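Residue-level structure breakdown
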Amino acid sequence: MKINRFDTVIHAPNRLQICAFLAPLEEAEFQVLRAELGVSDSVLSKHIKQLEEVGYLKQRKSKMNGRQRTWACLTRKGRKAFACHVEELKRLVDPANQSRLDD
Amino acid sequence: MVEKEIQNESREMLQESLDSIEKMEQAALKRVVPPLWFGASIALLAGALVALSAAGLREYHVYIILLMVLVLVGKSKNLGVSVRKNHSKLTVIALCILIPLFFMLVAGAQAISGMLGNVWAPLSAGGILSAAVFVLSLFERRCTIIRVGVEQGE
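**As for the overall build of chain B**
Along the backbone of chain B there are 6 helices and 1 strand. Helices and strands in chain B line up, N terminus first, as α-α-α-α-β-α-α. For chain B, the proportion of its 154 residues judged to be buried stands at 38%. Across chain B, contacts joining residues at least 24 apart in sequence account for 75% of those joining residues at least 6 apart. Just so you have it, chain B exposes about 9,400 Å², and 67% of that area is on carbon and sulfur atoms.

Have a look at this one:
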């Protein structure tokens, strides 16, 4: 049986967006993520580090044309946690569960 | 405890979270729509591979393969994202047909080289494979666009 889990690490708006952006991808470059989220380098680094600490995200560095580029990808654990979190959110916004939330 | 935390958050906020997830997923998928030049380049290189094989110029294969690798790397680097492999069943079937087609075209071109000549027979075979690969790339692109829900040029 699949257990849905509300993940407080993922649920923070920026981290939720990072996970949502990476979910359909294999990996994405740091600059691309920053542009999509519209945040500064330091803010993005902070959130990436938090996701990395719980094992949801992995970083890879590569050098191209003498410039260091950082790529981020969700780990298997991260993908599973994100999928469960989305399922839980869907369940919670479902009108059938409204009475439970109001209680 | 978690349930309590959730209760504090209104349903509207949770819906907003779901909307932002959808928006970011769409943004990610928009980035992975393969560019037209990519399909055209791979089609041309695959055609060149057939033409060279049919003409018996196998020593040049390595250059074509290197160019293919460069095109693939260039596409990935330009996008700044790399895609999770999730090909449609039809694409897998089409790829399974392309591999035998490659060898059939090489053999066919060698068989008809007496009729069309040593230049036109390999070129024709290469042209056929190029067209097939290009059509497949257009189909894959269209599928991605439909999946993402965006129109071309958007």
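Don't stop here, the text continues.
**Considering a negative patch on the surface**
Residues Glu12(B), Glu16(B), Asp19(B) and Glu22(B) make up a contiguous surface patch of negative charge. Here Glu16(B) shows up in helix H2 (residues 11-31).

**Some thoughts on the packing of aromatic side chains**
Residues and elements named next belong to chain B. For the structure shown, the criterion picks out 3 aromatic pairs over all chains. Aromatic side chains Trp-37 and Phe-38 sit 6.3 Å apart centroid to centroid with 90° between the ring planes, which places their arrangement in the edge-to-face category. Residue Phe-38 is classed as buried on the basis of its relative accessible area, which comes to 14%. An angle of 80° between the planes, with centres 5.3 Å apart, marks the rings of Phe-102 and Phe-103 as edge-to-face. Given the relative accessible area of 53%, Phe-103 is considered exposed.

**As for a nonpolar patch on the surface**
Residues and elements named next belong to chain B. A grouping of Ile-112, Met-115, Leu-116, Val-119, Trp-120 and Leu-123 is seen on the molecular surface, where their side chains present a nonpolar patch of about 640 Å² in accessible area. Here Met-115 shows up in helix H6 (residues 113-148). Judged by relative accessible area, which is 70%, Met-115 ranks as exposed.

**Things to note about the nonpolar core**
Membership of the largest hydrophobic core comes to 39 residues, with the highest contact counts inside it found for Ile18(A), Phe21(A), Leu33(A) and Phe82(A). Those elements that place two or more of their residues in this core are helix H2 (13-22), strand S1 (25-29), helix H3 (30-37), helix H4 (41-53), strand S3 (67-74) and helix H5 (76-93) of chain A together with H2 of chain B. Looking at which element gives the most residues to this core, the answer is H2(B), with 7 residues. The residues touching Ile18(A), leaving out its near neighbours within four places in the chain, are Leu33(A), Leu37(A), Leu44(A), His47(A), Ile48(A), Leu51(A) and Leu57(A).

**Details of the packing of H2(A) against H3(A)**
Pairs of packed helices are described in terms of their axes, by the angle between the two and the distance that separates them. Residue and element names in this part refer to chain A. Closest axis-to-axis distance for the H2/H3 pair is 11 Å, and the angle between their directions is 125°. Taken as axis vectors, H2 and H3 run oblique relative to one another. Every pair of crossing elements has a handedness; the one defined by H2 and H3 is right-handed. Where H2 approaches H3, its residues Asn-14, Gln-17, Ile-18, Phe-21 and Leu-22 are matched on the opposing element by Val-32, Leu-33, Glu-36 and Leu-37. Of the residues that constitute the contact of H2 with H3, the class distribution is 6 nonpolar, 2 polar and 1 charged.

**A short note on H5(A)**
For H5(A), which comprises 18 residues, the first-to-last C-alpha distance of 26 Å matches the rise-based estimate of 26 Å (1.5 Å per residue) to within 8%. Among the residues of H5(A), Gly78(A), Arg79(A), Ala81(A), Phe82(A), Cys84(A), His85(A), Val86(A), Glu88(A), Leu89(A), Leu92(A) and Val93(A) are the ones counted as buried.

What counts, and where the lines are drawn
Residues numbered from 1 in each chain as written. Chains lettered and ligands numbered in written order. Predicted model: local features only at pLDDT ≥ 70, side-chain atom pairs only at ≥ 80, totals over all residues. Heavy atoms only, no water. Helix = DSSP H or I, 4+ residues; strand = E, 2+ residues; numbered from the N terminus. Buried < 20%, exposed > 50% of the residue type's maximum accessible area, 1.4 Å probe, protein only. Contact = heavy atoms within 4.5 Å. Areas by Shrake-Rupley, 256 points an atom, 1.4 Å probe, with all protein chains shown as cover. Patch = residues over 30% accessible without salt bridge, like charges linked within 9 Å, V, L, I, M, F, W, Y side chains within 5 Å. Salt bridge = Lys/Arg side-chain N within 4 Å of Asp/Glu carboxyl O. Lys, Arg positive; Asp, Glu negative; His and termini not counted. Charge placed at Lys NZ, Arg CZ, Asp CG, Glu CD. Phe/Tyr/Trp six-rings, centres within 6.5 Å; stacked < 30°, edge-to-face > 60°. Core = buried A, V, L, I, M, F, W, Y, C linked by side-chain atoms within 4.5 Å. Axes fitted to C-alpha atoms, helices over the stretch in contact; angles between N-to-C directions. Parallel < 35°, antiparallel > 145°, perpendicular 65-115°, else oblique. Left-handed = near helix turned anticlockwise from the far one by under 90°. Nonpolar A, V, L, I, M, F, W, Y, C, P; charged D, E, K, R; others polar. Expected span 1.5 Å × (residues − 1).

The values reported here are purely geometric and, on their own, carry no functional implication.
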